[in-house]
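Understanding the architecture of this molecule
If you want the building blocks of each chain, they are given just below.
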Amino acid sequence: MSQRGAGPAVARPVNAWRARLLAALVIPCLAALTVWQAVGTYRKEIADTEYLVQALARVSEEHISGILRGIDQLLSEMEEAAPGGVPDDPQRTLAALGNRMKLIPEIRSAVFIDGRGIMVAGTMPGMAGTDVHDREYFKSLLEDPSRSVSVSAPLQSRVVAARSIVVARPVRDGGGRLLGVVAVSLDPKIFEDELRSILPRDGGRATLIRDDGIILARLPDSDKWRGKSVAQGQVMAHVARIPVGTLIGTSVTDGRQRVIAYRRFDNHPLVVAVGMSLDDALASWRWDVALQGGATLLLALVTLGLAVISDRRLAERQRVQQALAASEARYRMLTEHSPVGVFQSDADGTCLYVNERWLELAGRNRDEMVGGKWCDVVHPDDREAVGALWRRHVQGEGEFLAEMRLMRGDGSLRWVRGHAAALSDEAGPAGGMVGTIEDITAAKEAERRLRLSEEKFAKAFHASPDAMVISATRDGHYIELNDAFSAMLGYSRDEFLGRTALDLGVWAEPEDRARLVRQIRRDGQAADFESRLRRKDGQVFDVLVSVQEVVLDDQDCLLFICRDISAAKEMEARTADLLARLDASNKELEQFAYVTSHDLQEPLRMISGYAQLIERRYRGRLDGDADEFIAFLVDGAKRMQAMIQDLLEYSRVERLGGQFTEFGLGTVLDEVRRNLGAALAEAGGSIEIGPMPPVTADRSQVLRLFQNLIGNALKYRSPERPPRVTVSAESGPRGWVFSVADNGIGIEPAYFDRIFLVFQRLHTREHYDGTGIGLAICKKIIERHGGRIWVESEAGRGSVFRFTLGETQG
């Protein structure tokens, strides 16, 4: 009996610890699973954040590069206008630049700087003569012959009270010596506006930095950080090794841990960095880990408790069941507060349970969801594919993992990623399904913006009337081309793709291609490169080629833009020939008019002299008819002399014109007032002169112009009122418009064009003297200055003569 009693005594301790030993195995596994899930979700959160900031950095780079391409184009035009460092025609060049700068309002000014650092011409008053030899951007271009562009830190302008960012390009001779610099100054907000469009929420930062660490723009608090250096920061250390990348580090500006994506620009010394706070990015993960950790700890405690309870007597079963019920309630509470949407359904997809996050994502209430198909809230366009994937998973043919759009109760859409699995491995889908729904709307939106940007480029590429082709930088084989390029050269698309220009003999002069390649390697791009290409039928024609480096599917490529200029060059040659012939003809006509009128002077003086002698000697000694005939003879000779003298003056406008100098119109009009003092006093009139700008013109001819117009206003006055003449100037879109207005007899509209012709009179000599050539001389003077003249008038109510002195005057 003692032996039979000893058996159970030995077995009891083993049985008493059996459930606890099992718990000792389960709890570490549960902890390891929790840690594994926490690490996995951590990596996923970091990866999603990195993907988002990478996409935003890339979009920001593309936007800012687009702005810089426009600025580079403007600088190229300035460089072409000043091949020696100083423009040949500063006024005309600055006027053209002013029109171009309207396309980019943030460009404050453009300036030409000579090799000594002195501004020689600029689009703003007061720029000429300003010394900038000590400016950083000028010194960098002077000291480094290999530098093709310089972007300054935000600096205080020496012309206006504003801080600007200067983008400058050197003008060098063949030996690399600096002849001058062309530069534009930018409002720093041009970059801030682009950064604002991609600025991440929840603690995000976006920064544009020079490659030496100087901040050009930073959001938020751009005014606080603009011009500060972050050269010692982790971003700049990484940029020095890898031009494009992502890192997790401490921000130099605020000391916070961030996930930062950075990209270095290919053609400019700039770096764009977009960062999100690591704390904000991991906030949901920490909450999830806390919940999971709590759930794990809770489950571990429950498991241990169950093990202890399992080892107790059957009398404790009720207490164990209560503990399990409490555990289930706590687990449901954790699920309800999960940051991920959770649902439970049967194999057909009928919802048995949904948590609050799922209801928030779907925009529905619990009554609408429980008892209905969870797939009913999926967008109709996605519903069929998602349903098919669900049915295959239920049949054991694959995993259910899908990206889809949810139709919210208010009609809005939300992108989500769904995952589902069987509640029980033993029962499979028949035992019910549990699914999770994760919001991926932000990542999808970033992806959509990137795709939209690429689609815009593709549409512009194929629809462009200019011939465009993309080739690989490495070996030059054609990758993509548009229809215009195929039509220009006469090859089909298939004949181009995969081959090179050398294979097809496209370049009529291979040395042009070699020069173009050298320029691209040196500058990274080429603009308006003139060359000749050969079509498939052997015909050679002239083209203008521009090349830009691009990246296509992570492959370095070159974008060629070709424009056929054969017709333009032919027209240019014909135009030059016609202009030369016209100029020669005009010179012959001017010489003929001068010689003719000059040679007529001598016999006319003889006729006039003898006619006057006859008048003095024989007036009153002959009959009345003789006296009248002699008077006609003398008057005709005098009028002929006046007409010939005016014709000489007309021919001298172009032939004997003076040099163009800059002067104030106010002093010229004061001299005109003095010259017309007697006529003004005789007529009892007045002259009002408004503010006048300085102009660059022939001073003597401008004086003659105003004197003729004001003199005519006094001559053709109304007998009913004293003459009043008003001279004014107003700024127009193409320069200054000057006006001479009077209250005289006016002009009928039918005679507006006739009055500017030579010897055209509207009144008889008995009423008004003169030869009718004064306004013709005015028109000739204005045309010599590149301007135009017109009249606005109404008979009996006065006239207004308006004119310009060329677009660049004033």
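Residues numbered from 1 in each chain as written. Predicted model: local features only at pLDDT ≥ 70, side-chain atom pairs only at ≥ 80, totals over all residues. Heavy atoms only, no water.

**Topic: the overall build of the chain**
As a reminder of what qualifies: Secondary structure is summarised from DSSP: a helix means a run of H or I of at least four residues, a strand means a run of E of at least two, and numbering begins at the N terminus for each. Any residue under 20% of the maximum accessible area for its type is buried, any over 50% is exposed, and the rest in between are partly exposed; the area is computed with a 1.4 Å probe on protein chains only. Here, residues are in contact when the closest pair of their heavy atoms is within 4.5 Å. Per-residue accessibility takes into account occlusion by the displayed protein chains alone, with areas from the Shrake-Rupley method and a 1.4 Å probe.
When helices and strands are tallied, the chain shows 23 helices and 28 strands. Counting every position in the chain, which comprises 810 residues, the buried fraction comes to 40%. Of the contacts formed within the chain by residues at least 6 apart in sequence, a portion of 53% connects residues at least 24 apart. Counting only carbon and sulfur atoms, one obtains 54% of the accessible surface of the chain, whose full area is about 43400 Å².

**What to know about the sheet that holds strand β11 (residues 270-277)**
Formally: Pairing between two strands requires that DSSP report at least two bridges joining them. In this description, a line fitted to the C-alpha atoms serves as the axis of each element, helices being fitted only across the stretch in contact, and the angle between N-to-C directions of two axes falls anywhere from 0 to 180 degrees.
Pairing is antiparallel in the open sheet, where five strands are placed in the order β8-β7-β11-β10-β9. Looking at strand neighbours, the two that pair on one side only are β8 (215-219) and β9 (244-250), the edges of this open sheet. On average, each strand axis in the sheet is tilted by 20° relative to the strand beside it, whichever way the strands run. Here β9 pairs with strand β10 (residues 257-264) via seven bridges, running antiparallel. Paired with Gly-249 across the bridge in β10 is Arg-258. Across the face of the sheet, helix α4 (residues 189-198) comes into contact with β7 (205-210), β8 and β11 while running at roughly 35° to β8.

**Things to note about the nonpolar core**
We count it as follows: By convention a nonpolar core is built from buried Ala, Val, Leu, Ile, Met, Phe, Trp, Tyr and Cys residues, the set being connected through side-chain atoms within 4.5 Å.
Grouped together as the largest cluster of nonpolar side chains are 52 residues, with contacts concentrated most on Ile-71, Met-78, Val-184, Phe-191 and Leu-208. Of all the elements, helix α1 (residues 2-81) adds the most residues to this core, at 15 residues. Among all residues touching Ile-71, those that are not within four sequence positions of it are Ile-104, Ile-107, Val-167, Val-184 and Leu-186. By size, the runner-up hydrophobic cluster in this structure holds 38 residues, among which are Val-695, Val-740, Cys-778 and Ile-781.

**Focus: the pattern of salt bridges**
Any two side chains of opposite charge can pair if their charged atoms end up close together. As a reminder of what qualifies: A pairing counts as a salt bridge when a side-chain nitrogen of Lys or Arg comes within 4 Å of a carboxyl oxygen of Asp or Glu.
Summed over all chains, the structure comprises 39 salt bridges. Here Glu-783 and Lys-779 are joined by a salt bridge, their closest N and O atoms 2.5 Å apart. Of this pair, Glu-783 and Lys-779 both sit in helix α23 (residues 774-784), four residues apart, roughly one helical turn. Among the charged side chains, a network of salt bridges with common partners joins Lys-44, Asp-48, Glu-403, Arg-417, Glu-438 and Lys-444.

**With respect to a nonpolar patch on the surface**
Put simply, the rule is: Patch members must show over 30% relative accessible area and no salt bridge, and they are joined within 9 Å when carrying like charges or within 5 Å when they are nonpolar side chains of Val, Leu, Ile, Met, Phe, Trp or Tyr.
Together, Leu-22, Leu-25 and Val-26 line one region of the surface with nonpolar side chains, adding up to about 290 Å² of accessible area. Locating Leu-25 in the fold gives a position in helix α1. Owing to a relative accessible area of 60%, Leu-25 belongs among the exposed residues under this scheme.

**Some thoughts on helix α22 (residues 699-715)**
What counts, and what does not: In this analysis, the expected span of each helix is defined as 1.5 Å times one less than the number of residues it contains.
Relative to the 24 Å expected for 17 residues at 1.5 Å per residue, α22 spans 24 Å between its end C-alpha atoms, a close match to the ideal helical length. When α22 is considered as a whole, its buried residues turn out to be Gln-701, Val-702, Leu-703, Leu-705, Phe-706, Asn-708, Leu-709, Ile-710, Asn-712, Ala-713 and Leu-714.

**Some remarks on the confidence of the model for the chain**
Counted only if it meets this: Each residue carries a pLDDT score, the predictor's confidence in it, ranging from 0 to 100.
Residue-level pLDDT values for the chain average 79, and 86% of them are 70 or greater. Ignoring residues within four places in sequence, the model shows residues 761-768, a span with pLDDT below 50, making 18 contacts including any to other chains.

**Here's the deal with the side chain of Asp-288**
Tracing the backbone shows Asp-288 in helix α8 (residues 283-310). Not counting chain neighbours up to four residues away, the residues in contact with Asp-288 comprise Thr-41 and Pro-339.

**What to know about the pairing of strand β17 (residues 467-472)**
Most of β17 is tucked away: six of the six residues are buried. The sheet contact formed by β17 and strand β21 (residues 555-564) spans six bridges and is antiparallel. Paired with Ile-470 across the two strands is Leu-559, which belongs to β21. Relative to strand β18 (residues 478-481), β17 is paired through three bridges, and the arrangement is antiparallel. Looking across to β18, one finds that Ser-471 is bridged to Tyr-478.

**Things to note about the sheet that holds β18**
Judged by pairing direction, the sheet is antiparallel, and its five strands sit side by side in the order β18-β17-β21-β20-β19 without closing on themselves. Two strands close off the open sheet at either side, each with one partner strand: β18 and β19 (525-534). Sheet twist, expressed as the average angle between the axes of neighbouring strands with direction ignored, equals 30°. As paired elements, β19 and strand β20 (residues 540-552) share eight bridges and run antiparallel to each other. Its bridge partner lying in β20, Glu-530 is registered against Leu-544. Each of β19, β20 and β21 touches helix α17 (residues 510-523); the most contacted strand, β19, lies at about 165° to it.

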